[in-house]
Amino acid sequence: MSSSIWQDEFKHCGGQWSPFQSEEEWDLAHFLMKNVGQTKIDEFLKLSLVHVHQSGVSFSSMHTFLKYIDSLQTGPAWTCEMIDVMGDIATEDGNMRWEQLELWHRDPHAYADSKGTNHIYDEMWTADWWWDVQGKLPEGTMVAPIILSSDKTSLSVFSGDKKAWPMYLTIGNISKDLECFQKKMHLLVGYCLFHHAMSLLLRPLLDAGRNGKAMICADGCLCQVHLILAAYVADFPEQCLVACNKERNHKEYAWCSMADTLKTLRCKHRNGRSRKFDDKGLCTVYEPFWKDLPFTNIFACITPDILHQLHKGVFHDHLLHWCISIVGEKEIDAHFQAMGQFPGLRHFMKGISTVSQWTGTEHKEMQRIFVGLLSGAVDDHVLVVVHSLLDFIYFAQCQEPQDFSNHKHVLIDLQVHEDFNIPKIHSLQHYVSSIRALGSADGYNTEYPEQLHINYAKDVYRASNKCDYVEQMTLWLQWQEAIHHKSVYLAWRQLKTLLGTDSMDGITTNVRKSNSTRYALNTKPPNSFSLLPLVNAMSCSLLNLITSTYITVSTSPLLPVLSQGMTRHRVQATHMIAACSCKLEIPAHFDTMFVLENGHQHTEALVLNSVRVAQIQVIFKLPDYLGDHPHPLVYVEWFTALHCKDPVSSLYVVNCSMRHHCPNVLIISTDHIVWLCHLQARCAKHISADWSLYSMLELATHFYVNSYIDLDTFIAFE
């Protein structure tokens with residue numbers, strides 16, 4: 001795209017900001033298109049203030065402004081195809097009612113552009129499906145796996161019935177979206193209409209998958225590329241829709257044969273009845289959109305759904321409710337209320353029984369602390385079940401999940417659940433095979449299309465005037481795309497200028513980031529506190545310390561495979577602020593960290609025997625007359641080394657380190673900070689009423705090092 005914009009620039013001699021007159025005018029246009037609706041843009045451009053400046057702006061109305069936007073480079077145009085739907089309700093003249101539906105689409109061609117005993121499945125090209133299909137193609141060609149995602153969504157807010165059914169398409173080569181029928185017919189007609197619309201959308205893939213298309217690859221070489229449907233990301237109702245299964249049917253369809261299913265559908269269509277059709281729980285969709293797609297097994301394309309199957313289904317709908325029935329709602333709430341602090345961690349101040357609306361965010365926040373929270377509150381064999389399922393959920397987001405089936409009998413023995421004939425529990429057994437075929441499941445999470453709905457459906461609908469909104473939405477998306485391409489091109493031009501390169505060759509935007517620790521001190525001084533322990537630790541009297549309440553530290557990821565670049569942490573050491581006037585007391589807050597011990601150096605991955613947990617008490621910087629110190633210093637209290645591991649929860653156990661009956665303290669440089677650490681108090685079944693969010697670290701004696709706090713820490717501790 002940058003290449004074509006570059007060529008247009010020379011062709012029309014308009015400069016890099018063309019068709020806009022200057023960088024300032026481009027910035028204004030970029031802001032208006034990204035943040036302001038059409039009506040408000042027109043009102044803004046009519047303000048006299050906009051044209052008061054010496055040069056003004058070259059567009060004076062919405063009409064001329066959109067002409068500029070239309071002249072920018074964009075992707076392929078949107079095409080509308082009309083679908084006539086005949087109903088089963090007769091009108092007064094005896095004819096059947098019918099309705100015309102709009103199918104807006106773009107040509108997908110425009111977007112197609114080692115071996116060992118311990119196989120790591122991550123990106124799609126590391127999985128088995130890719131190599132199996134590549135082996136079936138002619139020599140010299142390559143595969144471009146198509147990944148589809150669809151989910152019906154509502155556009156109206158609070159009232160209205162405006163809906164859209166966005167279809168999102170991407171390729172696996174990129175590193176990690178009726179009132180003319182009686183109500184009894186709505187579901188069946190919806191199935192057939194969906195498959196008909198999908199067959200029209202995917203029609204270009206028939207020839208492109210079978211014969212391939214000549215395309216220029218990222219390395220600049222011309223290659224014959226075969227575009228093949230490889231994965232379909234959807235929630236359970238959408239999966240049933242794609243597989244031609246009834247939603248209420250819980251029959252196994254994950255490993256169905258496409259040929260056998262099509263044969264059953266043809267038999268039903270021809271004879272009007274089929275026992276096999278009824279046994280499989282199929283719907284009367286006789287022309288599925290996937291029946292002619294080359295190299296495609298639609299049942300193998302349906303991917304795991306981490307959001308609905310694991311976070312919402314297995315964890316919230318089942319595991320959480322099982323544990324509440326064992327521990328009790330009141331006690332579970334007390335454990336959540338006493339949970340220790342951690343930057344970015346949601347604290348359930350009133351417990352979880354008062355939460356009325358759950359989203360994937362709340363589910364994941366509870367998972368981060370659930371194992372440590374239940375340690376001591378439930379029997380060991382119950383904790384093993386919880387630990388196994390949480391391990392499964394975490395491993396499913398990276399590589400191969402663990403097995404829960406060896407421990408589920410515990411819940412049956414406790415009469416928590418009679419059996420495990422539960423679809424979402426049953427789906428767990430297919431995760432390993434799916435990951436081996438298509439790569440790690442985090443690349444197919446339905447959270448992505450949920451977010452895309454906001455950017456490409458809901459927000460776009462709100463930018464329209466609500467009349468003929470679909471056509472306006474497609475045009476608005478095209479304008480946004482034009483602005484995006486221009487922004488990318490200008491960034492590319494700036495990089496070219498910085499590198500002093502006149503040609504387009506040899507330019508890369510991949511700048512390797514330093515692995516060093518960076519920091520930013522808060523300029524606001526802390527409230528008064530005793531410097532005596534700090535002075536004793538330094539063995540000198542310092543009266544002019546430059547102290548701080550927090551420091552922002554940028555550190556390398558624990559596992560570069562999972563995280564890219566530097567991660568910013570706000571490390572806080574805030575002493576108690578007494579109540580004053582109408583302001584309440586603000587409790588003290590001291591963060592805990594993984595810190596390098598003396599003699600150890602930073603490595604690419606976290607090495608447990610090289611780090612130790614410490615709680616930061618004071619953050620300060622020495623005066624200049626005491627010498628050059630490139631990093632701020634922190635005064636810390638140590639916890640014991642990471643040697644003791646709880647055999648049931650698999651969490652490390654630490655306690656406060658003491659020396660001569662006093663806390664073991666040290667002053668260290670901030671460049672020794674490796675990563676944030678979350679500690680959970682080891683408690684009994686009934687938690688003490690004195691324990692709270694702020695007092696837990698002071699009152700407890702033993703702590704679990706919470707490895708579930710984030711995915712990086714979880715993998716580093718395995």
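Residues numbered from 1 in each chain as written. Predicted model: local features only at pLDDT ≥ 70, side-chain atom pairs only at ≥ 80, totals over all residues. Heavy atoms only, no water.

(A) Broad picture of the nonpolar core. Of all hydrophobic cores here, the largest spans 61 residues; its most connected members are Leu310, Leu319, Phe336, Phe370, Leu374, Leu390 and Ile616. Here this core gets ten residues from one element, more than from any other, and that element is helix H16 (residues 380-396). Among all residues touching Phe370, those that are not within four sequence positions of it are Phe315, Leu319, Leu320, Cys323, Phe336, Val386 and Leu390. Residues Leu101, Ala197, Leu205 and Cys240 belong to the second largest nonpolar core, which totals 43 residues. (Core = buried A, V, L, I, M, F, W, Y, C linked by side-chain atoms within 4.5 Å. Buried < 20%, exposed > 50% of the residue type's maximum accessible area, 1.4 Å probe, protein only. Helix = DSSP H or I, 4+ residues; strand = E, 2+ residues; numbered from the N terminus. Contact = heavy atoms within 4.5 Å.)

(B) Looking closely at the packing of helix H2 (residues 23-35) against helix H4 (residues 62-70). Orientation of H2 relative to H4, taken along the N-to-C sense of each, is 100°, at an axis distance of 12 Å. If you check the angle between H2 and H4, you find them roughly perpendicular. Packed against H2, whose contacting residues are Glu25, Ala29, Leu32 and Met33, the element H4 presents Phe65, Leu66, Tyr68 and Ile69 at the interface. Here the contact of H2 with H4 is built from residues that sort into seven nonpolar, no polar and one charged. (Axes fitted to C-alpha atoms, helices over the stretch in contact; angles between N-to-C directions. Parallel < 35°, antiparallel > 145°, perpendicular 65-115°, else oblique. Nonpolar A, V, L, I, M, F, W, Y, C, P; charged D, E, K, R; others polar.)

(C) Main features of the environment of Phe590. Considering the arrangement of structural elements, one finds Phe590 in strand S13 (residues 589-590). Assessed through its relative accessible area of 14%, Phe590 is described here as buried. Each C-alpha atom, one on Phe590 and one on Ile616, is 5.8 Å from the other, the two residues being 26 residues apart in sequence. Apart from residues no more than four positions distant in its own chain, Phe590 is found in contact with Gln572, Ala573, Thr574, His575, Gln615, Ile616, Gln617 and Leu697.

(D) The arrangement of unusual backbone geometry in detail. The backbone of Ser650 shows a phi angle near 65°, a positive value even though the residue is not glycine. Along the chain, Ser650 turns up in the loop between strand S17 (644-645) and strand S18 (652-655). We note that His660 has phi near 55°; this positive angle belongs to a residue other than glycine. As for its position among the elements, His660 is in the loop between strand S19 (658-659) and strand S20 (662-663).

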